[in-house]
Amino acid sequence: MGCSGSSRAKGDENIKKIRKPKPWKHSEPITRAQLKQMREEFWDTAPHYGGRKEIWDALQAAAEADLSLAQAIVDSAGVIVQAPDMTICYDERGAKYELPKYVLSEPSNLILES
């Protein structure tokens, strides 16, 4: 018999803690404005690739939030995080959602505008 606090709640083994993606580099240096435009285009078109709009909305909110809030958002939306950096997720029906790194973090070669 273990301690009363040592048992896991049912289903907890499928919950992965999310984290920011590893540093990455865009194919060419881009500005913050270009990155913002790329993100907007992705989120505008993402629901057309399949999956449910409410899950895409939750993933967008999570991608734009800090890590602890992002974790709460994906947990409450029933999103199954396959890759801890959120690049691959599933909904409860098994639909796959792939997020590019540019919607999750900034590239290491981002041009800082002055």
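Residues numbered from 1 in each chain as written. Predicted model: local features only at pLDDT ≥ 70, side-chain atom pairs only at ≥ 80, totals over all residues. Heavy atoms only, no water.

Some remarks on the packing of aromatic side chains
Using the following cut-off: Here is the rule: rings of Phe, Tyr and Trp (six-membered ring for Trp) pair when centre to centre is within 6.5 Å. Planes less than 30 degrees apart are stacked, more than 60 are edge-to-face, and the remainder are tilted. Per-residue accessibility, obtained with a 1.4 Å probe over protein chains only, is compared with the maximum for each type, and a residue is labelled buried under 20%, exposed over 50%, and partly exposed between these values. Per the convention used, a helix needs a DSSP run of H or I reaching at least four residues, while a strand needs a run of E reaching at least two, with both numbered from the N terminus.
A complete count under the given rule lists five aromatic pairs for this structure. Taking 5.0 Å as the distance between ring centres and 75° as the angle between the ring planes, the aromatic pair formed by Phe42 and Trp43 counts as edge-to-face. By relative accessible area, which is 12% here, Phe42 ends up buried. When the ring of Trp56 is compared with that of Tyr97, the centres are 4.9 Å apart and the planes differ by 70°; the resulting orientation is edge-to-face. Here Tyr97 lies in strand 4 (residues 96–98) and Trp56 lies in helix 2 (residues 53–63), a separation of 41 residues in the sequence. Looking at Trp56, the relative accessible area reads 5%, which means it is buried. Judged by relative accessible area, which is 0%, Tyr97 ranks as buried.

Section: the confidence of the model for the chain
Stated formally: Confidence of the predictor in every single residue is expressed as pLDDT, which spans 0 to 100.
When pLDDT is averaged along the chain, the result is 87; 86% of the residues meet or exceed 70. Here strand 5 (residues 110–111) stands out as the element of the chain with the lowest mean pLDDT, 92, in contrast to helix 2, whose mean of 97 is the highest.

Things to note about helix 2
Because the α-helix completes a turn every 3.6 residues, residues three or four places apart line up on one side. Worth spelling out the cut-off: Think of the arc as the fan of directions from the helix axis to the C-beta atoms. Contacts: residue pairs with any heavy atoms within 4.5 Å of one another.
Those residues of helix 2 lying buried are Ile55, Trp56, Ala58, Leu59, Ala62 and Ala63. For helix 2, the angular spread of the buried residues around the axis is 160°, confining them to a single face. Next to the buried residues of helix 2 lie helix 1 (32–45), helix 3 (67–77), strand 3 (88–90), strand 4 and helix 4 (101–104).

A short note on the sheet that holds strand 2 (residues 80–81)
What counts is decided by this rule: One bridge is not enough; two strands pair if DSSP finds at least two bridges between them.
Taken in spatial order, the three strands of this open sheet run 2-3-4, and their pairing is antiparallel. This sheet does not close on itself; its edge strands, each paired only once, are strand 2 and strand 4. Bridging between strand 2 and strand 3 involves two bridges; their strand directions are antiparallel. Note that in strand 3 the partner of Ile80 across the bridge is Tyr90.

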